[in-house]
Amino acid sequence: MAGLEKKKEQVRILVTGGAGYIGSHVVKALGEKGYDVLTYDNLSSGNRWAVLHGDLIVTDLADKNALKKAIHDYKPDAVMHFAAHIIVPESVREPLKYYQNNTVNTLNLLDVMRDEGVKRVIFSSTAAVYGLPEEMPVSENALLLPINPYGTSKMMTERILKDLSSAYDDFRYVSLRYFNVAGADAQGRIGQAYKKSTHLITRALKTAKGEFEKLQIFGTDYPTPDGTGIRDYIHVDDIADAHLSALEYLIQGGESDVFNCGYGHGYSVKEVVETAKRVTGVDFPVEDTGRREGDTPILIADSSKIRRQLNWKPKYDDLEYIIKTAWEWEKRK
Ligand code: UDP
């Protein structure tokens, strides 16, 4: 497929879930680079104030007529698709909710895109598609064997995208498999605002703030040096930057592809807790408890492919900075 011959300000990007945590940082980055942006979000977990650039349409992806109208009227050059449910333990309890929103609603989107001639999509995938990988760091070539419905719902979408790009020569996608996204905008305008967030850094900081009595550590008997789970934490602005690189790649006519988004090294739950205590200056209570359902012991990205092929260079590979920006944000709320 030939590249797109347009100036940046004429390139239109439809962002589903642009009012959510990661989506809003990408909308910010797109706006700062001068792209034309439209957010499509049902505000189930996002917020109107989080959309710093472009317009917002408040509707659901399940509403195919609304979706068709939005895409028909806006005529995007590419879609970035963030809108999804993302809580692993909830997906174990309520799988249908996850397959409905993450897989079936994505089918709606792809179907409408096809009808309306939109040929490029950047998809928010996840390291959860790997399940319990045998090799660590895990590369994009590893088998996809998710161990929870959240990971499966995303894997199914990746498969659909792959089949579409095989069927249609002019259809191109990039799937970005996120590892553990954390941190907030350096100016404190946006950050993780989802009240039900179960993520470790958010929970630790809310505990430091006094919103929770204690932080529970889920599992201290994992095969890791200190017995707690290890994850590759990546700053949300570096993730946003990966989307811009992926977009430029597709605009230049790049082939469909899949990339891990992480730094390539990890921290244990205990290391995160120690850093959070240091950054906040609060010695908040911590309790060791059993493993959480659906959790994997270690998840670290082999991120050499995105660095090499998309020339992505992370700027914030620093756990302390990640937690500091998240803490500044948390205190403002
Ligand atoms: N975790 C924890 N206590 C919490 C939340 C998370 O011990 O309150 C652990 C979890 O078991 C995992 C790591 O922190 O080892 C990261 O979990 P999170 O929910 O942030 O992201 P996930 O890796 O599940 O996507």
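Residue indices follow the written sequence of each chain, beginning from 1 at its first position. This being a predicted model, a pLDDT of at least 70 is required before a residue's local features are given, and a value of 80 or more before pairs of side-chain atoms are given or counted; all residues contribute to the totals for chains, interfaces and linings. By convention in this description, side-chain values take in all heavy atoms of the structure and omit both hydrogens and water.

We now examine helix α5 (residues 149-167). Only DSSP runs of H or I covering at least 4 residues are called helices, and only runs of E covering at least 2 are called strands; the numbering of each starts at the N terminus. Expected helix span is computed as 1.5 Å times (number of residues minus one). Look at α5: 27 Å from first C-alpha to last across 19 residues, which is about the 27 Å you get at 1.5 Å a residue. Of all the positions in α5, only P149, Y150, G151, T152, S153, K154, T157, E158, L161 and L164 are classed as buried. At its buried positions, α5 is contacted by α3 (88-93), α4 (95-116), β5 (120-126), β6 (172-178) and β11 (257-261). Remark: exposure states derive from per-residue accessible area (1.4 Å probe, protein chains only) relative to the maximum for the residue type, with buried under 20%, exposed over 50%, and partly exposed in between. Whether two residues are in contact is decided by their heavy atoms, any of which lying within 4.5 Å being enough.

Looking now at the side chain of H81. With respect to the helices and strands, the residue H81 is situated in strand β4 (residues 78-81). A residue is classified by how much of its surface remains accessible, and H81, at 2% relative accessible area, is buried. Residues contacting H81, with those up to four places away along its chain left out, are T16, L61, T106, L109, V121, I122, F123 and S124.

This brings us to the site of the ligand. One heavy atom within 4 Å of a molecule or strand makes the whole residue count as near it. Neighbouring the ligand are 15 residues, the closest being L200, Q216, R231, R292 and D295. N or O atoms closer than or at 3.5 Å make up a polar contact, with two conditions inside protein: a donor-capable atom paired with an acceptor-capable one, and, for residues adjacent in sequence, both atoms drawn from side chains. Contact distances for the ligand include 2.9 Å between an oxygen atom and a side-chain N or O atom of N180. L200 is positioned with one of its backbone polar atoms (N or O) 2.8 Å from an oxygen atom of the ligand. Every element with two or more residues in the shell around the ligand is listed here: α6 (200-209) and β8 (215-218). Ranked by residue count, the leading element in the shell around the ligand is β8, at four residues.

Another point: the sheet that holds strand β2 (residues 36-41). Ordered by their spatial adjacency, seven strands build an open sheet running β3-β2-β1-β4-β5-β6-β11, and the pairing between neighbours is parallel. A single partner strand is all that each edge strand has here, and the edge strands are β3 (55-58) and β11. Across the sheet, the mean angle from the axis of one strand to that of its neighbour is 20°, orientation sign disregarded. Relative to β4, strand β1 (residues 12-16) runs parallel, the two sharing four bridges. Across the sheet, I13 pairs through a bridge with A78, a residue of β4. Its contacts with the sheet put α4 on β1, β4 and β5, and the angle it makes with β4 is roughly 180°. DSSP bridges decide pairing: two strands pair if at least two such bridges lie between them. Note on definitions: angles span 0 to 180 degrees between N-to-C directions of axes, and those axes are lines fitted to C-alpha atoms, for helices only across the stretch in contact.

Across the junction of M136 and P137, the peptide omega takes the value 0°, indicating a cis bond. Within the fold, P137 resides in the loop between β5 and α5. With a phi angle near 60°, L43 is a residue other than glycine that sits in the positive phi range. Tracing the backbone through its elements, the reader meets L43 in the loop between β2 and β3. The backbone phi angle of N311 is positive, close to 55°, even though this residue is not glycine. The exposure class assigned to N311 is exposed, which follows from its relative accessible area of 52%.

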